[in-house]
Amino acid sequence: MAHLSRRERWRDPGVAASYDARRFQGPLQRIKHRRDVSLILDILAAAGPPGLVLDLPCGTGRLAPGLSQAGYRVLGADVSLPMLERARARAPLVPLIQADGKGLPLATDSVDVVVSLRYLFHLHGPRERCAFLGELARVSRGHVIGQVRYRQTLKHGGRWLRHRVGLRSKYVPSSGRREIAEELSQAGLELRGLWPLSRLFSDKALFLASGAGSPVGLASRKSGSGLH
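Here goes a summary of the coordinates provided. (Residues numbered from 1 in each chain as written. Predicted model: local features only at pLDDT ≥ 70, side-chain atom pairs only at ≥ 80, totals over all residues. Heavy atoms only, no water.)

Now for the sheet that holds strand 2 (residues 73–78). Within the open sheet, the 7 strands sit side by side as 3-2-1-4-5-7-6. Their pairing is mixed. If you trace the sheet from one side to the other, it starts and ends with strand 3 (96–98) and strand 6 (189–196), each paired once. With strand direction ignored, the average angle separating the axes of adjacent strands in the sheet is 20°. The pairing of strand 2 with strand 3 spans 3 bridges and is classified as parallel. Paired with A77 across the strands is I97, a residue of strand 3. Against the sheet, helix 8 (residues 177–186) makes contact with strand 5 (140–149), strand 6 and strand 7 (204–211), and its axis sits at roughly 145° relative to strand 6, the strand it touches most. (Pairing = 2+ DSSP bridges. Helix = DSSP H or I, 4+ residues; strand = E, 2+ residues; numbered from the N terminus. Axes fitted to C-alpha atoms, helices over the stretch in contact; angles between N-to-C directions. Contact = heavy atoms within 4.5 Å.)

Moving on, we come to the packing of helix 6 (residues 125–139) against helix 8. Contact pair helix 6 / helix 8: the axes reach a minimum separation of 8 Å and the direction vectors enclose 60°. Taken as axis vectors, helix 6 and helix 8 run oblique relative to one another. Helix 6 and helix 8 meet at a crossing whose hand is right-handed. Side by side, helix 6 and helix 8 meet where P126, R129, C130 and L133 of the first sit next to E183, L184 and Q186 of the second. Classifying every residue of the contact of helix 6 with helix 8 gives 4 nonpolar, 1 polar and 2 charged. (Parallel < 35°, antiparallel > 145°, perpendicular 65-115°, else oblique. Left-handed = near helix turned anticlockwise from the far one by under 90°. Nonpolar A, V, L, I, M, F, W, Y, C, P; charged D, E, K, R; others polar.)

We now examine helix 6. Along its 15 residues, helix 6 runs 22 Å from first to last C-alpha, staying within 8% of the 21 Å computed at 1.5 Å per residue. Within helix 6, the full set of buried residues consists of R129, C130, F132, L133, E135, L136, A137 and V139. Check the buried side of helix 6 and you find it contacts strand 1 (52–55), strand 4 (111–116), strand 5, helix 8, strand 6 and strand 7. (Expected span 1.5 Å × (residues − 1). Buried < 20%, exposed > 50% of the residue type's maximum accessible area, 1.4 Å probe, protein only.)

Moving on, we get to the environment of G76. Mapped onto the elements, G76 comes out in strand 2. Overall, G76 belongs to the buried group, its relative accessible area being 1%. On a C-alpha basis, the gap between G76 and L56 in space is 6.4 Å, while along the polypeptide they are 20 residues apart. Once residues within four sequence positions are removed from consideration, G76 is found in contact with D55, C58, V94, P95, L96 and I97.

Here it is as structure tokens:
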């Protein structure tokens, strides 16, 4: 399956069947999943009262139970039907649609928040990411939460150092806060907050963004660290 594109692999029933086992069922992976959900709920709570959340791409629906239990209405969307079938088994009451982020079958301002995990850094270059982010901005009347590779982490620094001394041939630079803010701005979004998942063990961060003209009343996160 190495010759298949990532999108084609996601649509493969075998990949969908093994996705959770590979990504989220080991002891450390379960901890990571709980941390992801907890951080997303913190950011959502800071962004405003519960509303309709679009989870795109929703994959096998791993976010739906936690969001639903916290009082959010959830709409899941993914380009892969096999992934959606897994998501339906996990959260049978959550509405699901097959959709491509390049053109969502949703009206403008039809959801309160869009959450997009593990996707932006798979897109090819700023132009493709900007088009995707612009579509998220179009359908959201409030905020967009996304996941990016983040430069200010120890994991990224170690990767850069191994590349510089010749121990790592492949190296893709991650973005700093300024680059993330500029890319969001090109899509009509304003960066409101940025949270590394773990400065030691991960090179990823979650951002909260909203339309430049959108009202923002952000409360402090319950962890006490606040927005930064």
